[in-house]
Structure formats: structure tokens, C-alpha cells
Amino acid sequence: MLTALLDSIRSQFGSKSYWLGSMMPLILFLAANVAMAYPHCAWVGTLLTQADTWDQKAFKYSVALLILLALAYFLSTLSSVLLRMLEGRIGPLSLCSSWLCRAQWKKLRKLDRQYAEAVDARETFRKAKDVWKATLQSSRRAGREQPSLTPEDQKSWLATLAGMKIDELRRLQSGCHNLTFDTLDQAVALLAVELAAHRTGRSGVLADALTDLQSAIQYAMDRREFDIRHLLQRRQVNYPGIRPLAEDQPEGPVANNILAPTAMGNIGQTIGTYSLARYQMDLDIFWTRLQNSLQKDAKDYYAVLQDSKVQVDTMVALFWLSVVFTLFWTVTLCFVFRDATAWQFLTAGTVGTVCAIIFYLLACESYRVFADVMRSAVDLFRFQVLQALHLSIPADSNDEKALWLRLGGATGFLDVEDFQYKQSMT
């Protein structure tokens, strides 16, 4: 047992997770504390000078290095705990879960409303597009018998109501802004009057205005489609469950729509709800089996998954160390070091708080990448789990959902199920 423990520790010391996820944050944390303690602790300033007089430099340096390695190792063992704390499952954030969950629900409902509004706007534009097109075409035909704009009228046309509205559309489109239905409808009505009163021709301000208006109408429809896709993507990567307007709502409670107290927690829950909603595969039960298949059959992909997890662990560790740094030094400078100035107090509190916010945002972004890699792992390698269990590949998606549901019940809850095993070819 001791040999296995030592082998585990040795492999941990050589891993990227240890050096990037634990050692680097710890060194930065210690360096920041030394910088804060330097003006108030005389021994910090004379530490290097005293080190030159030590008789047993190698021994003391070795002891300091071993302490640093041990602290980093201890921090690495806490990575999962720190992540769960940031997700709001345990620790101080869980105590505020009721208040934090209300804030998350508010953000989610806002996102769902924006999605519903974008869908309604797209349908409105679709219905109005043919009407607008017919109005412009009929007005242009009516203007064929009318005189063309004079050169003087063309120069001053942008000052007319129709010209100003078309110019507004051009500016909004070039700035990648949304074009509202009312703005386009007014532009169509104003330009239709101009087209019916003057011959358009193949060139000139009216021809350009007609082309730009048609382009703006198509841009508005494409923008609504982009907004819908963007909002769907934001919901999928940031919140668990199924959107209320989804056409393929699950028949049973396969998707956990209960929100976590924090953004990190909700991002983490998207992994499990995705596999449940799409495949009825409970990752709480099958993750270790999927991990074994990845390590055996997809080593390159598993390395990518590990790298993504290292980034998450690094940002999470830096966040909590920033919180500890801020709390420790604001209290210490206020009650212990009476010679501390207000500027030093504000600097410690401000820098620590800003760093904590930045590291939290980076942790969320890294967690989104990790969650996406995890979802892809489920899509690409879930059948390897069935092969490892000597079960046949299901015939279709419905059979697959039924199989994962039965297998999850038997594996995770000891439900009585009968499975027909596939004989391996030798």
C-alpha cells in the first residue's frame, strides 16, 4: 500500500495538473503576500541577506522546497473541493443558495424571453418580406411612366424623408445593429412613394436606395436567425435543462432544470443534463466507465480533456487564493499593522477583489470549454462503454435511450434488469 501511495505521489508531482493547477497559483499567492508584508515586516527585507550567512543552506533550502511542494500537493488534492465550493454545492456560497438561485433564475428567464422575442420577430419578418417585396415592385412598375429625378434632385434626395430613412438603415446595418420592424416598414412605405413618382432606372439614388433596402430586409432576417442561434447556444452552455419553446420536449423528467446557485454550478450541470436529455445517459453513473474507455481507446482526446480540466483547476485555485489574500490583508492592515496607510488598505482590497473577479470570469470561460469537451466525449465515445460491457450497439436513438435508462437503473440503483451480452470475437 505504501509503495502504491508513493507511486501516486510521484506521478502527481510530474503531472501538468500539479505544476499549473497548484504550484503556479501557490507561488503567485506567496509572492503577493511577501510584497504586501515587505513594508511592515523587517525580516522580509533582510531575509536574503541572512540567507547568505546560513551554515546549512542546502538543508534549509531543501526544507523550504519540500514545504512548498507539500503545500502545492495539498492544494492539488483540494481541487475538486474548491470547484464544488465555487459551484455552490458546499461551503459559504451554499449558505446563500436561496438568494443566489433567484439571481440565476432571473438571468435565465431574461434569456428565454429574448429567445421568444427573437422567434416572434423572425416570423414577423418572414410574413412581411413578401408584402414589402410586392409593394416595392408594384411601385417601381408604376413609376416607369414617370419622369426620372433631375441631377439636382438626386443630389438633394438624401435630405428627403425617404432619403434620411434609407441613410439611417445604411448606418444601422454598417454598425451591425438590429433593424426593427417599424423602421423597415417606414422605409418601405417612404421609398414606395418615391419609386411610384419617379422612374428608377438601373442606376442613381433610387436604384441604390432600392438595392440597399432589399439588402437591409435580408440582413434583418439573417440577424434574427443569428440571434436565435446565439441565444440557444448561450442557454445550452450556461444553463441546464430544456428551453420552454423546444419542440422536442422530453416526456419525462430526464433533464434537470433545477439551477445551481452560481454560474459555475450551472455550467457544470449542463454536462449531465445534455447526456440525459439526448441519450438518457446519467454521467453520475457512467462517467468513470466513460473515462476508462477514453484512457484506453482515445488517449489523444483524453489528453485534451485533461488540459481543459487543468485550466479550470488553475483559475479556480487562483480565485480562492485571491479571496483569501483579500480577506487576510484587509483585516490585517486594519487591525494588526496600525502603521498601514489608507492607500495600502485600499490597494490590497481593490487589487484582490479585481483579481478574484477576473479569475472567476476566466474560470467560467474555462469551464465552458471543458463542458463542451465533455459533451463531445459523450457524443463520440459513449458506445465504447457499451462495448466494454459486452453489450450490443442499439439499432436507433429510441432503443439507445431505453438501453441507457435500463443500464443506469441496474448500475446505479440495482434495479433488476436482463441484458443480452455480445460475445467478443477472438
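Residues numbered from 1 in each chain as written. Predicted model: local features only at pLDDT ≥ 70, side-chain atom pairs only at ≥ 80, totals over all residues. Heavy atoms only, no water.

(A) Inspection of the overall build of the protein at higher detail. Secondary structure assignment for the protein yields 17 helices and zero strands. Partitioning the intrachain contacts of the protein with sequence separation of at least 6 by distance along the chain shows that 73% fall at a separation of at least 24. (Helix = DSSP H or I, 4+ residues; strand = E, 2+ residues; numbered from the N terminus. Contact = heavy atoms within 4.5 Å.)

(B) Structural detail: the packing of helix H2 (residues 16-37) against helix H15 (residues 299-335). Contact geometry of H2 with H15 gives a least axis separation of 9 Å together with a crossing angle of 20°. Of the possible angle classes, the one that applies to H2 and H15 is roughly parallel. The handedness of the crossing between H2 and H15 is right-handed. In the contact of H2 with H15, the residues fall into 18 nonpolar, four polar and three charged. (Axes fitted to C-alpha atoms, helices over the stretch in contact; angles between N-to-C directions. Parallel < 35°, antiparallel > 145°, perpendicular 65-115°, else oblique. Left-handed = near helix turned anticlockwise from the far one by under 90°. Nonpolar A, V, L, I, M, F, W, Y, C, P; charged D, E, K, R; others polar.)

(C) Seen up close, the layout of surface pockets. Its boundaries defined by the atoms lining it, the largest pocket holds a volume of some 1,100 Å³. When residues of the lining of the largest pocket are traced back to their parent elements, those giving at least two are H2, helix H6 (79-87), helix H13 (263-279), helix H14 (283-297), H15 and helix H16 (342-388). The element that contributes the greatest number of residues to the lining of the largest pocket is H15, accounting for eight residues. Classifying every residue of the lining of the largest pocket gives 13 nonpolar, 11 polar and nine charged. (1 Å grid on protein atoms, 1.4 Å probe; cavity = no way out; pocket = protein on both sides within 12 Å on 5 of 7 lines; lining within 4 Å. Points joined across faces, edges and corners; volume = space filled by probe spheres on them.)

(D) A look at the environment of Cys 176. Looking at where Cys 176 falls in the secondary structure, it is placed in the loop between helix H10 (161-174) and helix H11 (181-197). Sequence separation between Cys 176 and Ala 220 is 44 residues; the distance between their C-alpha atoms is 10.0 Å. Sequence-distant contacts of Cys 176, defined by excluding residues within four places in its chain, comprise Tyr 219 and Arg 223.

(E) Summary view of the nonpolar core. If you look at the biggest cluster of nonpolar residues, it comprises 62 residues, and the most contacted ones within it are Met 264, Leu 294, Val 316, Trp 329 and Trp 404. Only H2, helix H5 (57-77), H6, H13, H14, H15, H16 and helix H17 (397-413) provide two or more residues apiece to this core. If one sorts the elements of this core by residue count, H16 sits on top with 16 residues. Not counting residues up to four positions away in its chain, the partners in contact with Trp 404 are Tyr 279, Gln 280, Met 281, Phe 286, Arg 382, Val 385 and Leu 386. Trp 132, Leu 136, Leu 213 and Ile 217 belong to the second largest nonpolar core, which has 25 residues in total. (Core = buried A, V, L, I, M, F, W, Y, C linked by side-chain atoms within 4.5 Å. Buried < 20%, exposed > 50% of the residue type's maximum accessible area, 1.4 Å probe, protein only.)

(F) Region of interest: H16. If you check H16, its first and last C-alpha atoms are 64 Å apart, about what 47 residues at 1.5 Å a residue would give, namely 69 Å. At Phe 381, H16 shows its maximal bend, which comes to roughly 55°. (Expected span 1.5 Å × (residues − 1). Bend = angle between axes of the 7 residues up to and from the residue.)

(G) Focus on a positive patch on the surface. Taken together, Lys 106, Lys 110, Arg 113 and Arg 234 make up a surface patch of like positive charges. With respect to the helices and strands, Lys 106 occurs in helix H8 (residues 97-142). On the basis of relative accessibility, which here comes to 65%, the residue Lys 106 falls in the exposed class. (Patch = residues over 30% accessible without salt bridge, like charges linked within 9 Å, V, L, I, M, F, W, Y side chains within 5 Å. Areas by Shrake-Rupley, 256 points an atom, 1.4 Å probe, with all protein chains shown as cover. Salt bridge = Lys/Arg side-chain N within 4 Å of Asp/Glu carboxyl O. Lys, Arg positive; Asp, Glu negative; His and termini not counted. Charge placed at Lys NZ, Arg CZ, Asp CG, Glu CD.)

(H) A look at the packing of aromatic side chains. In total, this model carries 11 aromatic pairs according to the counting rule given. What links up through ring pairs into an aromatic cluster is the set Phe 125, Trp 132 and Phe 181. Taking NZ or CZ as reference, Arg 382 lies 3.9 Å from the ring centre of Tyr 279, over its face. The ring of Phe 383 has Arg 382 lying over it, and the distance from NZ or CZ to the ring centre is 4.4 Å. (Phe/Tyr/Trp six-rings, centres within 6.5 Å; stacked < 30°, edge-to-face > 60°. Lys NZ or Arg CZ within 6 Å of the ring centre and 35° of its normal.)

(I) How the structure looks around unusual backbone geometry. Located in the positive-phi region is Gln 280, a residue other than glycine, with phi close to 60°. Looking at the secondary structure, you find Gln 280 in the loop between H13 and H14. The residue Leu 414 is not glycine, and still its phi comes out positive at about 60°. Here Leu 414 lies in the segment after H17. Judged by its relative accessible area of 74%, Leu 414 is exposed.

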